[in-house]
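Here are the chains, one letter per residue:
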Amino acid sequence: MTVLNANPVVYEVAEKIDITKVKYDINEQDETREPIDNEEVFDLIRTINDPEHPLTLEQLNVIRLESVHVEDSNNYVSVTFFPTIPHCSMATLIGLCIRVRLLRSLPSRFKIDIFVAEGTHQSDAAVNKQLNDKERVAAALENSHLLKVVNQCLIEKE
Amino acid sequence: MIPEIQTFIESKNNTKESFDSLNQLIQSVNNRDVSILMIVEDLSETLISTDPKIRAKGIELLIRVFCNCKKETITPKMASVILKFCLERLNDLHSLQSSLDGILYILQNFEINHEIIKETPKIMIDELIIPGYQQTVRQIIFKIYELLADKYLEDLRSIEDIFVPGFVQAVESEKDPRNIMVIFKIIKIIVDELNYKPYVEDIFELIFCYFPITFKAPPGNVIKITSEDLKDALKKCLISAPEFSKFAIPQLIEKLTSRLDNTKRDSLDVLIAGGNIYNFEDYADNLNSLTEILRDEAFDNAGESLEQDFINAITSFTNIYSRGGNEWVDKYIDEMTTKPISHIKDFGHPRGKFSRNIICAVIKENEYAFTKIINKIFPELMEKIKQPNPPSVQSFLMEYVRNILTIANLHNIKEDHMIYQYKDTLITSFYKLKENDDEENEFKKDMEITSIGGLYELANLKGFLTNEQIKEIIDEYNNKLLLDSREDIRKLCLKSLIGLSSTNSDLITSITLPLLYDRLKEDMVDSHYEWILQSTEDITVECKFYEDTISKLIDIYERGIEEKKSNEYLSRLLESIKNIIERGIQIDNDQELIVNCFPIFKDNILRILINYSKQQREELSTINYISIIFQIFMNILDENQIKKFNEEILKIFIDKKLPNIMDIDNTTEFDPLNENSPKSQTCLIDILITVTTNISQKIFDSTTSKKINEKYLNKLVKSVINTLNSYFSNLASKLIFIYCIRFNNEKKIQKNIKNWIEKDIYSIINSNMVFKETAIILFSWLCKVLYIKANENVTKYIMKLVNIIHDKNHASSCVNGLKIIFDKDVISEDSNKLYTVDKEFEENLINTLIEEIITIYKNSENNIYCIIALGLLLKLSDIRTVSNKDEIKPIMLYSLTLPNSEVLSSSIEFFSIYVSTLPSELKDDLITLIKYLISLTKAKNNPHNTIKVRVLSLKLLDIISKSYESYELLPIKQTVLNELDNALDDNKKYVRKMAVHCRNQWFTIIN
């Protein structure tokens, strides 16, 4: 398979945090709610791997902190992503990966919308429709080959 | 035919039959039932079969048996024969891999006749067409070449006229980074060791085609080669021979104009690295093209990230051209600086800044170039700065002058240098630069920074300024250091002061440091003292002014306590003392100076502590650093000093004799073991513990052990038992513990302990007293001594302790006591080094105790503390040696359902260790355990599921997902995934993150 965008621009990213090594005082007694915010959601998806390159979506600037919108109290999350090139055939797959990661990591009360940023893709309307169609997403995930590819993208590297 | 051979030949590749037959055959060869010769004979038909598949199988079998049987079964002669056989087979594509495996194995493991070795590369070069083979085959070929170069260089030398050109031709167009590394390695060996001269151009072409090399490691980087490794190896190859320069320099110069930054950077790197190796003529021939590109790139094209690389390169090239004598330096600097100098004359030229950088770079490291350029430009520059220029021009010019002065300092110019003629102009201009009051001047801050830097450079020039003038500059810096609100300006001043300290140390220690001390004494509301202390530390270390600063800081500390300053401030003062001592120790030759500070520190701190202790004042709450500092001193003092200090501190404690030098209020008596111990008192005991732990056994025997006699110990034990202060009791008990551990007459001390326990402590424990905590603490520390000494009575005593668990009021003290006995963390690392525990004794003791606790648990109603004690013991012991795990498991599982967060945490911690160490033992209870854990991850309506409980449960679920086979976990996977939904919505961010991590782990479990 030829790589569509062979030489993408790579952006500097924050260091990956290994949750098992984060120091946190677990003897803390304060149970006040810390709401889910866009940084937390961004942190969930920034390590997703690009299907074509050995780079993460954050490194490719496909996802950005400011394009993650979270309303904890209204149970709503939307993520807008930016394909590196307008004819990127991987856009749907990337969107699917983001959706699967969020389905696995956010409480089920959330409604999740995934969008391609307007004007960044030649068929953005079609991709958006596909990504936010429950039946189609479910059907896609029943395809074992596709699920394998998605899982591959979701593996967190060291 | 041997049956195994038949089976192997007839069975398909990689099947069970083929493996079994091969293994059996290897076994037979090892047992000497079958010899390699017999196998060859049996295979004779197969090895020359016309069917390539059969032939390949035969060769594969022979080589695999040969490579895997014991080495003793093979003679060198046999190895030679097989090597020859393999070499002959290299033209047979079907059996190529086996033959190569054989060659590699034989070359690695046997001493072979040199004639055959010499034949090996020849045949390989003739027969192998490397680019046509698949990756695994190519890799073996390169391994063989690498082995030949490493092990058989002398043989290669004798056939160098065949090997060198042959190798260069054979390895062309290789792409695998592992093999490329081998090529670079062998080429380096060829250039260093063999006659490469006739083939210079070919070798250069082979390696230069890889330039510039980039490589993106695959995820996980299994091959463990980085882009840097490849770059480095290629660079070393490219500069390995002077003859390469003829081809390399023009091509590298051309690559400097590439549009890729990495290519430019790599080309510069090689051109500079080759500076001392390449032929100078080739640099000389390319002077014009090189300087043109360097200038253009530094001016326009390089971009910010590369600018510094080009500037550094310009400096390096001055050094390279100086190889050709001053004549070539002249040529180089003419080429490089003519245009920049003319740009600078045209003030305000857009290339002004770059021109300045280029000129400075050219003269930076070469004194001849420096003098030449300065003679040319300096007089005019001095004229210009005297004129009333607009701020932009003046700022630019003065920065230019400052850069030149920095370089002048690098060259250590003397007083006859031209720059000295412009003394007054320079001083006036730099002072004038900062006196700019025009608020709208956007260059104001730049000019201030240039002024600070410029004055610094002037002060550093030998004999340039008078002492008065330098003092004035230091005053200026001090002012800014203390009062300026801008952090960068303050930092710059600190840096300048430190820079000046090597030549003006007395001025800085007599002016700057006192100012800093005074500032520290003032009332500082904000945390400005952080900065002042940081500066004090830096300057003290730089000027080696340790003693004075430490004594001043203690002084300020004492005054701070009087004035009731904040705890953060006071403890930061002590931390500063600690930092200064630690930094001083790191510096060569300064350790002695630090040792000299010890009396001052010790006397003053002891005086403060004793005074406060006598007055029973409670202000000292920041004393943690004091023991740490004593500890650091103990590590650097010599034997005699330690002994003296030990005697002194013992005198204070035992004889209540205070050193005369101390200015201590004598109206009240000092009681070193005042049980109403204020904090200063506990600090004193802590110091005594530190000293007793760290002295050598010799000193202990000759001083401590004599001074602390039985009478004193008895008194100490009584004071511990009778006090109500558990903090004091713990410290004093710890002191008794350290003493008993180190005391050399074991019989005597163990008898004493027996007496204390059976008389003093038992009388309290058996009584109806409500408060027994301090007695239990001492009891536990004494039991710890006996346990370490493997005393038989200890079981009885700890049983007694365990039985207190019945009593609700004392159960928690009992659990705490068990922690004291078995937890290594209750004492410092140094104390732990003083003893070793008999493993077998420990195992038996813990097993007995566990059994006892289980019995108590079964017979009592109040069993929560039993479970906590059980969890604690299991956590602190080696779970593999615990005997009655079958009884423990159900209790601990049940405890996961109890509504008590302390019990829950203790039990989960136990299971975490259990699952990671012995996962198989929990297989049957796995589903139950997981279900309990899931319920513990939910916070809603379960107040006992604290953050700690939730996090520990999630961590354990994560450990479980990694410790068991997927078929064991799959039945419950979906439940776990569904139920963890609650934890994903936890109130706490950290718990949610843990839950996401854990849930993702469970998603990866697949069939």
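Per an unreviewed UniProt entry, chain B goes by MMS19 nucleotide excision repair protein and derives from Anaeromyces robustus. A UniProt comment under Subcellular location (unreviewed entry) is attached to chain B, and it reads "Nucleus". Regarding chain B, the UniProt comment filed under Sequence similarities (unreviewed entry) reads as follows: "Belongs to the MET18/MMS19 family."

The name given to chain A in an unreviewed UniProt entry is DUF59-domain-containing protein, with the source organism recorded as Anaeromyces robustus. Here is the UniProt Sequence similarities (unreviewed entry) comment for chain A, exactly as written: "Belongs to the MIP18 family."

1. Details of the overall build of chain B
When you go through chain B residue by residue, the secondary structure sums to 50 helices and zero strands. Relative to the compact-globule value of 30 Å for 1007 residues, chain B shows a C-alpha radius of gyration of 40 Å, a clear excess of over 25%. Counting only residues that meet the buried cut, chain B has 39% of its 1007 residues in that class. Excluding contacts between residues fewer than 6 apart, the proportion of contacts in chain B whose partners are at least 24 apart in sequence is 73%.

2. A short note on the overall build of chain A
Helix and strand counts for chain A come out as five helices and three strands. Looking at chain A as a whole, 29% of its 158 residues qualify as buried. Nonlocal contacts in chain A, meaning residues at least 24 apart in sequence, comprise 66% of its contacts between residues at least 6 apart.

3. Quick notes on the UniProt feature "domain: MIP18 family-like" (unreviewed entry) in chain A
UniProt records the feature "domain: MIP18 family-like" (unreviewed entry) at residues 39-108 of chain A, using the numbering of this structure. End C-alpha atoms of residues 39-108 of chain A are separated by 19 Å, and the span's content is 31% helix alongside 21% strand.

4. Side note on the interface of chain B and chain A
Interface size, as often reported, equals the accessible area lost upon joining of the parts. The partner chain A presents 20 residues to the 21 residues of chain B that form the contact. Per element, the largest residue contribution to the side of chain B that touches chain A is nine residues, and it comes from helix α50 (residues 989-1003) of chain B. By residue class, the composition of the side of chain B that touches chain A is nine nonpolar, four polar and eight charged.

5. Description of helix α31 (residues 624-636) of chain B
Residue and element names in this part refer to chain B. For α31, the full list of buried residues reads I626, I629, F630 and F633. Along the long axis of α31, the arc covered by the buried residues comes to 100°, so they all point the same way. For α31, the exposed residues set more than 90 degrees away from the buried face come down to N624 and N635. Contacts from the buried residues of α31 go to α29 (567-586), α30 (591-614) and α33 (679-694).

6. Quick look at the nonpolar core
Residue and element names in this part refer to chain B. The biggest cluster of nonpolar side chains holds 304 residues, and the ones touching the most others in it are I314, L778, L782, C783, C814, A869 and L873. If one sorts the elements of this core by residue count, helix α38 (residues 773-788) sits on top with 12 residues. Composition of this core by domain shows at least three residues from each of domain 1 (242-364) and domain 2 (544-706). Those residues in contact with L873 that sit more than four places away from it in its chain are L818, F822, I846, L849 and I850.

7. Considerations on helix α2 (residues 16-30) of chain B
Residue and element names in this part refer to chain B. Look at α2: 21 Å from first C-alpha to last across 15 residues, which is about the 21 Å you get at 1.5 Å a residue. All of the buried residues along α2 are S18, S21, L22, L25, I26 and V29. The buried residues of α2 occupy one face: seen down the axis, they fall within an arc of 135°. The exposed residues of α2 that point more than 90 degrees off its buried face are K16 and F19. Buried-residue contacts for α2 involve α1 (3-10), α3 (36-47) and α4 (52-68).

8. Some remarks on the packing of α38(B) against helix α40 (residues 811-822) of chain B
All names here are of chain B. The N-to-C vectors of α38 and α40 enclose an angle of 30°; their axes lie 8 Å apart at closest approach. Regarding the angle of α38 to α40, the classification is roughly parallel. For the pair α38 and α40, the sense of crossing is right-handed. Contacts between α38 and α40 involve E773, I776, I777, F779, S780, W781, C783, K784 and Y787 from the first element and S813, C814, G817, I820 and I821 from the second. When its residues are assigned to classes, the contact of α38 with α40 shows nine nonpolar, three polar and two charged.

9. Considerations on the sheet that holds strand β2 (residues 76-81) of chain A
Residue and element names in this part refer to chain A. Reading across from one edge, β1-β2-β3 is the order of the three strands in this open sheet, with mixed pairing throughout. Strands with a single pairing partner mark the edges of an open sheet, and in this sheet they are β1 (63-71) and β3 (111-116). Strand after strand, the sheet turns through a mean of 15° between neighbouring axes, direction not considered. Direction of pairing for β2 relative to β3: parallel, over a ladder of six bridges. Across the sheet, the residue bridging to F81 is V116, located in β3. Across the sheet, helix α1 (residues 38-45) lies against β1 and β2, angled at about 130° from β1, the strand it touches most.

10. Considerations on the packing of helix α39 (residues 793-803) of chain B against helix α42 (residues 839-859) of chain B
Residue and element names in this part refer to chain B. Running from N to C, α39 and α42 point in directions that differ by 30°, and their axes come no closer than 10 Å. Taken together, α39 and α42 sit at an angle that is classed as roughly parallel. At the point where α39 passes α42, the crossing takes the right-handed sense. Every residue of α42 that contacts α39 at V794, T795, I798, M799 and V802 is listed here: L845, T848, L849, E852 and I853. For the contact of α39 with α42, a count of residues per class yields seven nonpolar, two polar and one charged.

11. Here we look at the environment of B:T512
Residues and elements named next belong to chain B. With respect to the helices and strands, T512 occurs in helix α26 (residues 487-521). Judged by local crowding, T512 falls into the buried class, with 26 C-beta atoms found within 10 Å. Separated by 37 residues in the primary sequence, T512 and D475 place their C-alpha atoms 7.9 Å from one another. Beyond its immediate stretch of four places on either side in the chain, T512 contacts I474, N478, L497 and I539.

12. Points about unusual backbone geometry
Residues and elements named next belong to chain B. Cis geometry is found at the peptide bond from F211 to P212, where omega equals -10°. In the Ramachandran plot, R32 falls in the positive-phi region, its phi being about 65° despite a non-glycine side chain. Looking at the element boundaries, R32 is found in the loop between α2 and α3.

13. A word on the confidence of the model for chain B
Overall, the prediction assigns chain B a mean pLDDT of 85, with 95% of residues at 70 or greater. Confidence estimates for the predicted assembly give a pTM of 0.70 and an ipTM of 0.89.

14. Side note on the pairing of β1(A)
All names here are of chain A. Here β1 pairs with β2 via five bridges, running antiparallel. Note on β2: the bridge partner recorded for V68 is V79. The antiparallel pairing of β1 with β2 creates a hairpin that spans four residues between the two strands, and N75 there sits at a positive phi of about 55°.

15. Examining the confidence of the model for chain A
Within chain A, residue pLDDT values average 81, and 84% of them lie at 70 or more. Element-level pLDDT for chain A is lowest in helix α5 (residues 144-154) of chain A, with a mean of 85, against a maximum mean of 92 in β2(A).

16. A few points about the environment of A:I85
Residues and elements named next belong to chain A. By the secondary structure assignment, I85 is in the loop between β2 and α2 (91-105). I85 sits in the partly exposed class, given 14 other C-beta atoms within 10 Å. Sequence separation of I85 and H121 is 36 residues, and the distance between their C-alpha atoms is 7.2 Å.

17. Focus: the pairing of β2(A)
Going residue by residue along β2(A), you find A:V77, A:V79 and A:F81 tucked away on one face and A:Y76, A:S78 and A:T80 left uncovered on the opposite face. In this fold, the crossover linking β2(A) to β3(A) by way of α2(A) has right-handed handedness.

Procedures and definitions
Residues numbered from 1 in each chain as written. Chains lettered and ligands numbered in written order. Predicted model: local features only at pLDDT ≥ 70, side-chain atom pairs only at ≥ 80, totals over all residues. UniProt positions renumbered as here; feature names shortened; annotations may be inferred. Helix = DSSP H or I, 4+ residues; strand = E, 2+ residues; numbered from the N terminus. Rg over C-alpha atoms; globule rule 2.2 N^0.38 Å. Buried ≥ 20, exposed ≤ 12 C-beta atoms within 10 Å, placed from the backbone. Contact = placed C-beta atoms within 7 Å. Nonpolar A, V, L, I, M, F, W, Y, C, P; charged D, E, K, R; others polar. Arc of directions from axis to C-beta. Core = buried A, V, L, I, M, F, W, Y, C linked by C-beta atoms within 7 Å. Domains from an automatic or database assignment. Expected span 1.5 Å × (residues − 1). Axes fitted to C-alpha atoms, helices over the stretch in contact; angles between N-to-C directions. Parallel < 35°, antiparallel > 145°, perpendicular 65-115°, else oblique. Left-handed = near helix turned anticlockwise from the far one by under 90°. Pairing = 2+ DSSP bridges. pLDDT = per-residue confidence, 0-100. Right-handed = clockwise from strand over helix to strand, strands pointing away.

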